[in-house]
Amino acid sequence: MMFDRTIRHCRQCGAPVARRLPDDGDTKLRAICTACHTVHYENPLNVVGTVPHWGDQVLLCKRNIEPRKGKWTLPAGFMELGESTSEGAARETTEEAGAQFIMEDLFTVMSVARVGQVHLYYRARLTSDVFDPGHETMEARLFTEEEIPWDELAFRTVKETLEHYFADRRAGHFSTHAFDIA
């Protein structure tokens, strides 16, 4: 499924765009400026975050923003220009949870084509169990696997990441998991 953000105006000159095949041999319809002929490519957005862990617990944040306000999530958000995926994940964890941590390895990579996103989660070892959540978070709290509010998780990517995390923890070793979310 192709995600369409529907570009209507050229980012270069502001003129309307038309959806057509570019003259360079490209085989996909693109938004092309009717005045300056700039080709606009629509690429996925990266969502970056962490699985912050403390002993046998993980840190979840209760969302204070839409979408899914009041639901639980891992600290994550859209990657910013000029930062690496791990830098973005660290920034989001600091902003949303006010957590102190050491970044670890990349843990999950999920393509969510239907919404034009790629989600990347890193493991992060918490160095303190004291949190200072930002304005996007109502509450930041540690949960064991049995305590996770599975029916109150905000996103499927969070659920899948947590399921892989606890399965790997039980197995005694962590791997990187890459998969598609339909």
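In case you missed it, the structure is sitting above this.
Residues numbered from 1 in each chain as written. Predicted model: local features only at pLDDT ≥ 70, side-chain atom pairs only at ≥ 80, totals over all residues. Heavy atoms only, no water.

A. Main features of the sheet that holds strand E3 (residues 39-40). Strand order in the open sheet formed by 3 strands is E1-E2-E3, and the pairing between neighbours is antiparallel. Of all strands in the sheet, those with a lone pairing partner are strand E1 (17-20) and E3, marking the two edges. Relative to E3, strand E2 (residues 30-33) is paired through 2 bridges, and the arrangement is antiparallel. Across the sheet, residue Ile-32 finds its bridge partner in E3, namely Val-39. (Pairing = 2+ DSSP bridges. Helix = DSSP H or I, 4+ residues; strand = E, 2+ residues; numbered from the N terminus.)

B. Main features of the side chain of His-40. With respect to the helices, strands and loops of the structure, His-40 is situated in strand E3. Residue contacts for His-40: discarding those within four places in its chain leaves Ile-7, Cys-10, Arg-11, Gln-12, Val-17, Arg-30 and Ala-31. (Contact = heavy atoms within 4.5 Å.)

C. Highlighting the nonpolar core. In terms of nonpolar packing, the biggest core is built from 20 residues, with Leu-60, Ile-148 and Leu-162 touching the most fellow members. Elements that contribute at least two residues to this core include exactly strand E4 (45-54), strand E5 (57-63), strand E8 (101-112) and helix H2 (156-171). Among the elements that make up this core, the one with the highest residue count is H2 (4 residues). Those residues in contact with Leu-162 that sit more than four places away from it in its chain are Val-58, Leu-60, Leu-74, Ile-148, Trp-150 and Leu-153. Among the nonpolar cores identified, the runner-up in size contains 11 residues, and Cys-61, Ala-99, Phe-101 and Leu-142 belong to it. (Core = buried A, V, L, I, M, F, W, Y, C linked by side-chain atoms within 4.5 Å. Buried < 20%, exposed > 50% of the residue type's maximum accessible area, 1.4 Å probe, protein only.)

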